[in-house]
Amino acid sequence: MLLQIKQNDTLIEVLDLEALISPTHSTIPGRIQSGQEEQDPEEFPKQDLVFPSGEALPKCWLDADYNLKSN
């Protein structure tokens, strides 16, 4: 799965989908997609990421208390 960094439109390959959808993880491991060589994995703050379409990540992926707040 690819996500994009909001500030500079850089594409990130998500390496751990469980971490992405878990609201208890504030960062996810990923690789910047640039050039022909595979980049080293890095940690990226989820709040800095969006889908390539520009759509924000679901709040339930970012906020562990989201379900409690909506009741």
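Scroll up for the structure.
Residues numbered from 1 in each chain as written. Predicted model: local features only at pLDDT ≥ 70, side-chain atom pairs only at ≥ 80, totals over all residues. Heavy atoms only, no water.

Colleague: Mind laying out the overall build of the protein chain, listing which residues take part and the relevant values?
Modeller: Within the protein chain, the secondary structure is distributed over 3 helices and 5 strands. Secondary structure elements of the protein chain, listed N to C terminal, follow the sequence β-β-α-β-β-β-α-α. With the principal axes as the frame, the protein chain shows a C-alpha extent of 50 × 20 × 15 Å. Taking all contacts inside the protein chain whose residues are at least 6 apart in sequence as the whole, residues at least 24 apart take part in 33%. Here the protein chain displays about 4900 Å² of accessible surface, and carbon together with sulfur accounts for 48% of that area. Each charge sign in the protein chain was given a centre, from 5 positive and 13 negative side chains, and these centres are 10 Å apart. (Helix = DSSP H or I, 4+ residues; strand = E, 2+ residues; numbered from the N terminus. Contact = heavy atoms within 4.5 Å. Areas by Shrake-Rupley, 256 points an atom, 1.4 Å probe, with all protein chains shown as cover. Lys, Arg positive; Asp, Glu negative; His and termini not counted. Charge placed at Lys NZ, Arg CZ, Asp CG, Glu CD.)

Colleague: Which residues make up the nonpolar core, and what values do they have?
Modeller: Counting 12 residues, the largest nonpolar core is built from Leu3, Ile5, Ile12, Val14, Ala19, Leu20, Ile28, Phe44, Leu49, Phe51, Leu57 and Trp61. Among the elements of the structure, strand S1 (2–5), strand S2 (11–14) and helix H1 (17–21) are those that each provide at least two residues to this core. (Core = buried A, V, L, I, M, F, W, Y, C linked by side-chain atoms within 4.5 Å. Buried < 20%, exposed > 50% of the residue type's maximum accessible area, 1.4 Å probe, protein only.)

Colleague: Describe the side chain of Ser22, and please don't skip the residues or the numbers.
Modeller: Here Ser22 shows up in the loop between H1 and strand S3 (27–32). Looking at Ser22, the relative accessible area reads 16%, which means it is buried. A distance of 2.8 Å separates a polar atom in the side chain of Ser22 from a polar atom in the side chain of Thr24. When residues no more than four places from it in sequence are discounted, the contact partners of Ser22 are Lys46 and Trp61. (Polar contact = N/O pair within 3.5 Å; in protein donor to acceptor, adjacent residues only side chain to side chain.)

Colleague: Summarise unusual backbone geometry; cite the residues concerned and give the values.
Modeller: Phi at Asp9 is positive, roughly 65 degrees, even though this residue is not glycine. Within the secondary structure layout, Asp9 lies in the loop between S1 and S2. The class for Asp9 is exposed, based on a relative accessible area of 52%.

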